[in-house]
Structure formats: C-alpha cells, structure tokens
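So the chains spell out like this:
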Amino acid sequence: GWLAADSKGLHFAVAVTDDVHFCDQATPGNFWKGDSLQLAIDSENDSRDGFDANDREVGFALTPRGPVCYVSYPGTPRGLAVPLAIRREGSVTSYEAFLPWEALELPVPTDGKMLAINYIANDNDGLGRGYWMGLTPGIGEGKSPLSYRRFAVRVRP
C-alpha cells in the first residue's frame with residue numbers, strides 16, 4: 001500500500017493479491033462483506049476505542065457495475081464521488097483513490113500534524129467474508145483508532 005498527502009487531499013493506493021474476486025452486493029452499508037478495502041482516518045490522532053467526530057471510514061469495492069467508493073462513518077453510509085480506479089489483472093486487484101479533504105469534510109492538515117491511519121482488505125470467496133488483513137488491528141474486529149499507524153504530515157515549500 002501507498003499513502004501520500006498534500007494540501008488538497010489524501011492519495012491512496014493498494015495492490016491486493018486474491019485468487020478469487022467476489023463482490024456481489026456492494027452497497028454503502030455492506031460493501032465490506034465482499035472483496036473490498038476499508039480505510040480509516042483519525043484526523044486528530046485523538047481517538048481510542050471507537051470513532052469520534054473527526055474520524056472517517058471510507059470503503060472501496062470493484063462491483064459488477066464498476067468501482068464504487070463509500071463513506072461508512074460518520075453518519076448514514078453514503079456514496080462518495082472521488083477520483084477512483086479499481087482494476088483486476090490476474091489475481092491482483094489494484095485500488096487507487098484521491099480523497100479530497102473537502103470531500104471527507106476534514107481540515108487540511110498542517111506541517112507536523114499526526115494522522116492515525118489504517119486500512120484492511122476484506123476477502124470473500126463466495127461464502128461470506130472469510131477474513132481480512134490490514135496494516136494494524138482496529139477496523140475488522142472493532143473500531144480502535146488507538147491501534148492505527150501514525151503518519152506525520154510534512155508540507156514542502
């Protein structure tokens with residue numbers, strides 16, 4: 001996976017190796033039940049167990065209708081229109097997205113700001129979500145931003 005941030009937003013890319021791609025019911029509330037990604041951001045690096053108002057969770061899935069992106073937290077899960085590319089080549093699904101701070105309803109991080117970020121890849125081979133694998137714990141088994149990796153924002157002139 002790759003992450004980068006600038007004054008406009010978060011750039012995110014992940015390549016997932018998976019022998020069977022299965023994503024038959026990707027809606028805002030249940031995309032995670034199929035092959036998909038979940039990305040969580042604690043923009044203030046202040047959450048422990050559970051999310052608070054400055055946290056976001058975003059989901060990505062490659063459905064039979066094409067790539068989709070959802071905000072699954074906060075509020076009612078909903079679609080998110082952002083630059084997005086998801087493609088499957090052989091046994092690798094590549095996810096690439098640009099998430100504008102404005103679309104996420106988050107402030108632009110300043111130099112030195114610490115963001116807590118995590119992501120997981122969900123796997124379903126047609127019998128339900130079998131497992132997930134992520135950067136750290138804290139998404140699939142329960143929301144725990146305290147477990148996420150910390151990333152320092154560096155603004156270059």
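Attention here is on the structure that accompanies the text.

Parameters at a glance
Residues numbered from 1 in each chain as written. Predicted model: local features only at pLDDT ≥ 70, side-chain atom pairs only at ≥ 80, totals over all residues. Heavy atoms only, no water. Helix = DSSP H or I, 4+ residues; strand = E, 2+ residues; numbered from the N terminus. Buried < 20%, exposed > 50% of the residue type's maximum accessible area, 1.4 Å probe, protein only. Phe/Tyr/Trp six-rings, centres within 6.5 Å; stacked < 30°, edge-to-face > 60°. Pairing = 2+ DSSP bridges. Axes fitted to C-alpha atoms, helices over the stretch in contact; angles between N-to-C directions.

## With respect to unusual backbone geometry
Now for step 1: Cis geometry is adopted by the peptide bond preceding P74, which originates at Y73 and carries an omega value of 10°.
Now for step 2: The topology assignment puts P74 in the loop between β5 (66–73) and β6 (78–79).
Now for step 3: Although it is not a glycine, N45 adopts a positive phi angle of roughly 50°.
Now for step 4: With respect to the element layout, N45 can be found in the loop between β3 (36–42) and β4 (55–63).
Now for step 5: The exposure class assigned to N45 is partly exposed, which follows from its relative accessible area of 27%.
Now for step 6: Notably, E105 is not glycine yet its phi reads approximately 60°, a positive angle.
Now for step 7: On the secondary structure map, E105 appears in the loop between α1 (101–104) and β9 (114–124).

## Thoughts on the packing of aromatic side chains
Now for step 1: One pass over the structure, following the stated rule, counts four aromatic pairs.
Now for step 2: Considering the side-chain rings of F31 and Y70, the 5.9 Å spacing of their centres and the 35° angle between planes classify their relative orientation as tilted. Of this pair, F31 sits in the loop between β2 (9–17) and β3 while Y70 sits in strand β5, and the two are 39 residues apart along the sequence.
Now for step 3: Accessibility expressed as a relative area gives 2% for F31, which makes it buried.
Now for step 4: Judged by its relative accessible area of 7%, Y70 is buried.
Now for step 5: Arranged with centres 4.9 Å apart and planes meeting at 50°, the rings of F51 and Y73 form a pair that is tilted. Here F51, found in the loop between β3 and β4, pairs with Y73, found in strand β5; they are 22 residues apart in sequence, far enough to count as distant.
Now for step 6: According to the relative accessible area criterion, F51 is buried, its value standing at 18%.

## Looking at the sheet that holds strand β1 (residues 2–5)
Now for step 1: Strand order across the open sheet formed by four strands is β1-β2-β8-β7, with antiparallel pairing between neighbours. The open sheet has two free edges, formed respectively by β1 and β7 (84–89), since each of these has just one partner strand. Adjacent strand axes in the sheet meet at a mean angle of 5° when their direction is disregarded.
Now for step 2: Of the pairings in the sheet, the one linking β7 to strand β8 (residues 92–100) comprises six bridges and is antiparallel in character. Bridged to R87 within β8 is S94.

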